[in-house]
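Okay, here's what each chain looks like letter by letter:
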Amino acid sequence: MRIDIVTIFPEFFSVLDVSLLGRARQAGRIQLGVHDLRDYTYDRHRTVDDTPYGGGAGMVMRPEPWGDALDSILYADEARGTVDPIVIFPSPAGELFSQAMAQELSTEAAIVFGCGRYEGIDQRVVDYVSTRARVRLVSMGDYVLNGGEIATMAMIEAIGRLIPGVVGNPASLVEESHSDGLLEYPSYTKPAQWRGLDVPPVLLSGNHGAIAAWRREMQLERTRRVRPDLLPPA
Ligand code: ADE
């Protein structure tokens, strides 16, 4: 998968050099391009924002550097023969990110993330890019971040680990929170007793049917307690 990021803070993304995603890049499973939006400005101060038309607090990102940055990335994708890239703008006004969306996006050939700052990006950028590529506004949750960088990082991690070969043991992707719509069951390892706390005896029983039933019950109990909104209608 090809991933491009447009940001005024390229240094944010140095963490993608380490851990699972770092190894995925070394193995060539993920190709990453981080682009500094200010490289697409032409004034001495490398200005990317301005006051909002109509008034109001805060600053809005000007469309010109965004247009040039995204044009250049989309041309490069085309030249590389990458078909149909998708452009994602992280935004608290977007559709809510989910495991299902991560799953869907993990099959894309190329994703471009446009990280807005301040009060957002001039709407014409989204309108223009929509004429050239598929565009989605995506929110990490009902809270406000200072910009799209952290949201992009979270999405790249959630999407990247679903790309075949990135996580060493694919079975570990199957039994985890949200993969089947429920929260994960609690896990235990050795020692069997620690600080007076015992591992649930069923897990030591060797009875695989009983273990599976216990885990399912734990998933349901936990989901009912903390995330009843995730339960399927009875
Ligand atoms: N940018 C600012 N807040 C955000 C959020 N909650 N999700 C995605 N991008 C954002």
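Located above this text is the structure these notes cover.
Nothing here was measured: the structure is a model prediction, and the numbers come from that model.

Colleague: Let's hear about the overall build of the chain: which residues, and what values?
Modeller: Helix and strand content of the chain: seven helices and nine strands. Considered along the principal axes of its C-alpha atoms, the chain spans approximately 70 × 40 × 35 Å. For the chain, the proportion of its 234 residues judged to be buried stands at 41%. Counting only contacts in the chain whose residues sit at least 6 apart along the sequence, the fraction spanning at least 24 positions is 75%. Within the structure as shown, the chain displays about 13500 Å² of accessible surface, and the carbon and sulfur contribution to it stands at 54%. Charged side chains in the chain number 23 positive and 31 negative. The centres of these two groups are separated by 6 Å.

Colleague: Can you explain the packing of aromatic side chains? Please cite residues and give values.
Modeller: Counted according to the given criterion, the structure contains three aromatic pairs. Look at phenylalanine 9 and phenylalanine 12: their rings are 5.9 Å apart centre to centre, the planes differ by 55°, and that puts the pair in the tilted class. Overall, phenylalanine 9 belongs to the partly exposed group, its relative accessible area being 28%. A ring pair is formed by tryptophan 66 and phenylalanine 89, whose centres lie 6.3 Å apart and whose planes are at 70°; its orientation type is edge-to-face. Of this pair, tryptophan 66 sits in helix α2 (residues 63–80) while phenylalanine 89 sits in strand β5 (residues 86–96), and the two are 23 residues apart along the sequence. Each member of the aromatic cluster is reached from another via a ring pair, and the members are Phe9, Phe12 and Phe13.

Colleague: If you had to explain the site of the ligand to someone new, which residues and values would you point to?
Modeller: Lining the immediate environment of the ligand, one finds Pro90, Ser91, Pro92, Val138, Ser139, Met140, Gly141, Tyr143, Val144, Leu145, Gly147 and Ala151. In this structure, serine 91 approaches the ligand through a main-chain N or O atom, which is 3.1 Å from a nitrogen atom. The backbone of tyrosine 143 places a nitrogen or oxygen atom 2.7 Å from a nitrogen atom of the ligand. Considering the ligand on its own, with 260 Å² of exposed area, one finds that the protein chains cover 96% of that surface. For the shell around the ligand, the secondary-structure elements that each account for two or more residues are β5 and β7 (134–139). Sort the elements by how many residues they give to the shell around the ligand and β5 lands first, with three residues. Each residue belonging to the shell around the ligand can be placed in one class, and the counts come to eight nonpolar, four polar and no charged.

Colleague: Let's hear about the nonpolar core: which residues, and what values?
Modeller: In terms of nonpolar packing, the biggest core is built from 30 residues, with Ile5, Phe97, Phe113 and Ile159 touching the most fellow members. Of all the secondary-structure elements, those providing two or more residues to this core are β1 (2–7), α1 (19–26), β5, α3 (99–105), β6 (110–114) and α5 (149–160). Here the element with the most residues in this core is α5; it accounts for six residues. With residues near it in sequence (within four places) discarded, isoleucine 159 still touches Met1, Phe97, Ala102, Leu105, Ser106, Ile111 and Phe113. With 19 residues, the next largest nonpolar core counts Ile8, Leu37, Leu74 and Val112 among its residues.

Here is what the cut-offs are and how they apply
Residues numbered from 1 in each chain as written. Predicted model: local features only at pLDDT ≥ 70, side-chain atom pairs only at ≥ 80, totals over all residues. Heavy atoms only, no water. Helix = DSSP H or I, 4+ residues; strand = E, 2+ residues; numbered from the N terminus. Buried < 20%, exposed > 50% of the residue type's maximum accessible area, 1.4 Å probe, protein only. Contact = heavy atoms within 4.5 Å. Areas by Shrake-Rupley, 256 points an atom, 1.4 Å probe, with all protein chains shown as cover. Lys, Arg positive; Asp, Glu negative; His and termini not counted. Charge placed at Lys NZ, Arg CZ, Asp CG, Glu CD. Phe/Tyr/Trp six-rings, centres within 6.5 Å; stacked < 30°, edge-to-face > 60°. Near = heavy atom within 4 Å. Polar contact = N/O pair within 3.5 Å; in protein donor to acceptor, adjacent residues only side chain to side chain. Nonpolar A, V, L, I, M, F, W, Y, C, P; charged D, E, K, R; others polar. Core = buried A, V, L, I, M, F, W, Y, C linked by side-chain atoms within 4.5 Å.

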